[in-house]
Amino acid sequence: TEKWKFLDTTITFGDEGILVGDTVSNTGIRISSGRIDFIDNGSIVAEITGQRMKINRGIFATSATIGEHKIETIAGGHTIWSWIPR
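Residues numbered from 1 in each chain as written. Predicted model: local features only at pLDDT ≥ 70, side-chain atom pairs only at ≥ 80, totals over all residues. Heavy atoms only, no water.

Asker: How should I be thinking about the overall build of the protein chain in this particular structure?
Answerer: Secondary structure assignment for the protein chain yields zero helices and ten strands. Taken from the N to the C terminus, the helices and strands of the protein chain come in the order β-β-β-β-β-β-β-β-β-β. Relative to the 2.2 N^0.38 estimate, which gives 12 Å for 86 residues, the radius of gyration of the protein chain is 18 Å and therefore markedly larger than a compact globule would have. Once the C-alpha set of the protein chain is aligned to its principal axes, its extents read approximately 50 × 30 × 20 Å. (Helix = DSSP H or I, 4+ residues; strand = E, 2+ residues; numbered from the N terminus. Rg over C-alpha atoms; globule rule 2.2 N^0.38 Å.)

This is the structure we're talking about:
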């Protein structure tokens, strides 16, 4: 394992892949063979593997587009679902 330390950031190269992290908040990104992990407070909160992204919890502040569907909030706390043809 090779570890580089900076002020508040470390880069670790090891058998598990490359980890770029923040030592203060224990957050980072680990890149390994066939997988990318997003880490917050030492726990994996999202991952990309097999052309899929899994997010354990998320907040979309304004809108989210999934395929041809858009979900957005407007004034008064109303939510609109729209179909957006490609």
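Asker: Quick question: what am I supposed to make of the side chain of T12 here?
Answerer: Counting through the fold element by element, T12 comes out in strand 2 (residues 9–14). Those residues in contact with T12, other than ones at most four positions away along the chain, are T1, E2, K3, G17, I18 and L19. (Contact = heavy atoms within 4.5 Å.)

Asker: Looking at this model, I keep getting lost on the pattern of salt bridges. Mind explaining?
Answerer: Side-chain pairs of opposite charge can arise where the charged atoms are in close proximity. Tallied over the entire structure, the rule returns four salt bridges. Between D37 and R35 there is a salt bridge, with the nearest N and O atoms lying 2.6 Å from each other. Judged by its relative accessible area of 3%, D37 falls in the buried class. Between E47 and R35 there is a salt bridge; the shortest N-O distance is 2.9 Å. With E47 in strand 6 (residues 43–49) and R35 in strand 5 (residues 35–40), this pair connects stretches of sequence that are twelve residues apart. One connected set of salt bridges, linked through shared partners, spans E16, R30, R35, D37 and E47. (Salt bridge = Lys/Arg side-chain N within 4 Å of Asp/Glu carboxyl O. Buried < 20%, exposed > 50% of the residue type's maximum accessible area, 1.4 Å probe, protein only.)

Asker: What exactly am I supposed to notice about the pairing of strand 2 here?
Answerer: Taken residue by residue, a regular strand's side chains alternate between the two faces of the sheet. Looking at chain direction, strand 1 (residues 2–5) and strand 2 are connected through four bridges and run antiparallel. Across the sheet, residue W4 finds its bridge partner in strand 2, namely I11. Counting the residues in the hairpin turn of strand 1 and strand 2 gives three residues. Pairing analysis gives six bridges linking strand 2 to strand 3 (residues 17–22), with the strands arranged antiparallel. Its bridge partner lying in strand 3, T9 is registered against D22. The hairpin formed by strand 2 and strand 3 contains two residues between the paired strands. (Pairing = 2+ DSSP bridges.)

Asker: Explanation requested: the packing of aromatic side chains in the structure shown.
Answerer: To describe a pair of aromatic rings, you give the distance between the ring centres and the angle between the ring planes. What the rule picks out here adds up to one aromatic pair. Centre to centre, the rings of W4 and F13 are 5.1 Å apart; their planes meet at 65°, and the pair counts as edge-to-face. Residue F13 is classed as partly exposed on the basis of its relative accessible area of 29%. (Phe/Tyr/Trp six-rings, centres within 6.5 Å; stacked < 30°, edge-to-face > 60°.)

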